[in-house]
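Here is how the chains run, residue by residue.
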Amino acid sequence: MAEKRERYTSSRRGVLFAAIAALAAALFLPQIADAQNYPNKPVRLILPFGAGGVADVTARLVTEKLGEKLGQRFVIENMPGAGGINAARAVLSAPADGYTLALFSNGTAISVSLFKDLAFKPMTDFVPVSSMGYFDFIFVTQAGSPFPTLADFIKAAKQKPGALNVGTINVGSTQNLAAQLFKSTAGVDVTIVPFRSSPEVLIALLRGDIQIAIENYSAVQSHIADKAAIAVSTSGPVRTTFMPDVPTVKEAGGRDFEARSWNAIFAPKGTPPEVIRTLNAALREVLEMPDLKKRALDLGIEAKASSPEEILDRLKADIDKWAGVIERAGIAKQ
């Protein structure tokens, strides 16, 4: 009798395990098949910025080619909002299937320390796909300025502490924190003046209200071309390919200064690895296209892909870096 009960129990276990296996197959095999056929419908890329900025332009350049490569349309959706919260929520509320993606940037790393409650965790709620582009900031002065080089400006700032002004967009922006980092690495006491927009920064520069402005290349490009403003330095670790005669801040006396921004694609946690691999491989091909690289470089952007691990490491490093700058500058959390 005991032997019969054991055979019966074992039989029921076998039926139960078979049912579980069948259910798992029913649930997950379609997802695997869909991932292998990815993409088979339009893909949304949600940006935490308004239209027209560097991130928006980069995303549109890249996704146009990406759509051609993968045979599906990529749709850009702009969802500006403090800290990228609106955009992140929209991505996280969608299925983790690769059809709703997020654009992260250096600003995402800053937001981790700038906001009391960011409402999402970039490092754990999302998985990385690849970088899209990197870009430096340009230090510019007014044509005819008594500081024709950044080294001249640093020297004057040390001779007259607190007398000179550096203009940036709003407090907490990468440009603004780059100015804070410049103060500490160059060892100067200057007043950082925040403005609401890039045009306001440049108007103040041309009026002589500020002596140095820190901006994206696309924002100052026309003023440099018209010789109304002079580029005195770039913010990256090495000189840019499009302005090879302009020294870096480090060369001008900023010691270990570096403030380089980037844009990258991330997906919600749980996105199938096959989808990540498909997107990463396509981005690597697209971002090596000569015409795209040239169009991006004309805007001051270095089009460049990465492995998922590389861009995740960059995000983590920038979270730590800007947290220190925010703390030292005493910037209140929003």
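Residues numbered from 1 in each chain as written. Predicted model: local features only at pLDDT ≥ 70, side-chain atom pairs only at ≥ 80, totals over all residues. Heavy atoms only, no water.

A. Spotlight on the overall build of the chain. The secondary structure content of the chain amounts to 13 helices and 10 strands. Of all 334 residues assigned to the chain, the portion counted as buried reaches 49%. By sequence separation, contacts in the chain at least 24 residues apart represent 79% of the contacts at least 6 residues apart. Of the roughly 15,700 Å² that the chain leaves accessible, carbon and sulfur atoms contribute 56%. (Helix = DSSP H or I, 4+ residues; strand = E, 2+ residues; numbered from the N terminus. Buried < 20%, exposed > 50% of the residue type's maximum accessible area, 1.4 Å probe, protein only. Contact = heavy atoms within 4.5 Å. Areas by Shrake-Rupley, 256 points an atom, 1.4 Å probe, with all protein chains shown as cover.)

B. Representation of the pattern of salt bridges within the structure. This structure, assessed with the given rule, holds 14 salt bridges. Between Arg44 and Glu77 there is a salt bridge, with the nearest N and O atoms lying 2.8 Å from each other. Pair noted here: Arg44 is in strand β1 (residues 43-47) and Glu77 is in strand β2 (residues 74-78), with a separation of 33 residues, a long-range link. Look at Arg44 and you get partly exposed, because its relative accessible area is 27%. (Salt bridge = Lys/Arg side-chain N within 4 Å of Asp/Glu carboxyl O.)

C. View of the packing of aromatic side chains. This model, assessed by the stated rule, comprises 11 aromatic pairs. Here the aromatic rings of Phe120 and Phe126 are separated by 6.1 Å at their centres, their planes lie at 80 degrees, and the arrangement is edge-to-face. Phe126 carries the same exposure label as Phe120, and that label is buried. When the ring of Tyr217 is compared with that of Phe242, the centres are 4.6 Å apart and the planes differ by 50 degrees; the resulting orientation is tilted. Taken together, the residues span a long stretch of sequence, with Tyr217 in helix α9 (residues 217-225) and Phe242 in the loop between β8 (229-234) and α10 (249-254) at a distance of 25 residues. The class for Tyr217 is buried, based on a relative accessible area of 15%. When its relative accessible area of 23% is taken as the criterion, Phe242 is described as partly exposed. In this structure an aromatic cluster arises from ring pairing among Phe139, Phe147, Phe153, Phe182 and Phe257. The aromatic ring of Tyr99 is capped on one face by Lys41, whose charged end is 4.7 Å from the ring centroid. (Phe/Tyr/Trp six-rings, centres within 6.5 Å; stacked < 30°, edge-to-face > 60°. Lys NZ or Arg CZ within 6 Å of the ring centre and 35° of its normal.)

D. Focus on the side chain of Thr248. Its place among the elements puts Thr248 in the loop between β8 and α10. Sequence-distant contacts of Thr248, defined by excluding residues within four places in its chain, comprise Ser233, Thr234, Gly236, Pro237, Val238 and Arg239.

E. Representation of helix α7 (residues 174-186) in the model. Taking 1.5 Å per residue as the helical rise, α7 with its 13 residues ought to reach 18 Å, and the 17 Å between its terminal C-alpha atoms agrees with that figure. Restricting attention to buried positions, one finds in α7 the residues Thr174, Gln175, Asn176, Leu177, Ala178, Ala179, Gln180, Leu181, Phe182, Thr185 and Ala186. Note on α7: the residue one or two positions beyond its end, Gly187, has a positive phi of about 70 degrees. (Expected span 1.5 Å × (residues − 1).)

F. View of the pairing of strand β9 (residues 260-268). In terms of residue burial, β9 counts as a mostly covered element, since nine of its nine residues are buried. As judged from the four bridges shared by strand β3 (residues 100-105) and β9, these two strands associate in the antiparallel manner. Residue pairing across strands places Phe104 opposite Ala264, the latter belonging to β9. Bridge count between strand β4 (residues 126-142) and β9: nine bridges; the pairing is antiparallel. Bridge pairing in β9 links Tyr134 to Trp262. (Pairing = 2+ DSSP bridges.)

G. Spatial organisation of the side chain of Gln211. For Gln211, the location among the structural elements is in the loop between α8 (198-207) and β7 (212-216). Here the side chain of Gln211 touches Asn165 through a polar contact of 2.7 Å, landing on its backbone nitrogen. Sequence-distant contacts of Gln211, defined by excluding residues within four places in its chain, comprise Val140, Thr141, Phe147, Phe153, Ala163, Leu164, Asn165 and Leu205. (Polar contact = N/O pair within 3.5 Å; in protein donor to acceptor, adjacent residues only side chain to side chain.)

H. Representation of unusual backbone geometry within the structure. Cis geometry marks the peptide bond from Tyr38 to Pro39, where omega comes out at -10 degrees. With respect to the helices, strands and loops of the structure, Pro39 is situated in the loop between α1 (2-36) and β1. Although it is not a glycine, Ala119 adopts a positive phi angle of roughly 75 degrees. Relative to the assigned elements, Ala119 resides in the loop between α4 (106-114) and α5 (122-125). Looking at Ala119, the relative accessible area reads 38%, which means it is partly exposed. Look at Arg255: it is not a glycine, yet its phi comes out positive at around 50 degrees. Counting through the fold element by element, Arg255 comes out in the loop between α10 and β9. Assessed through its relative accessible area of 51%, Arg255 is described here as exposed.

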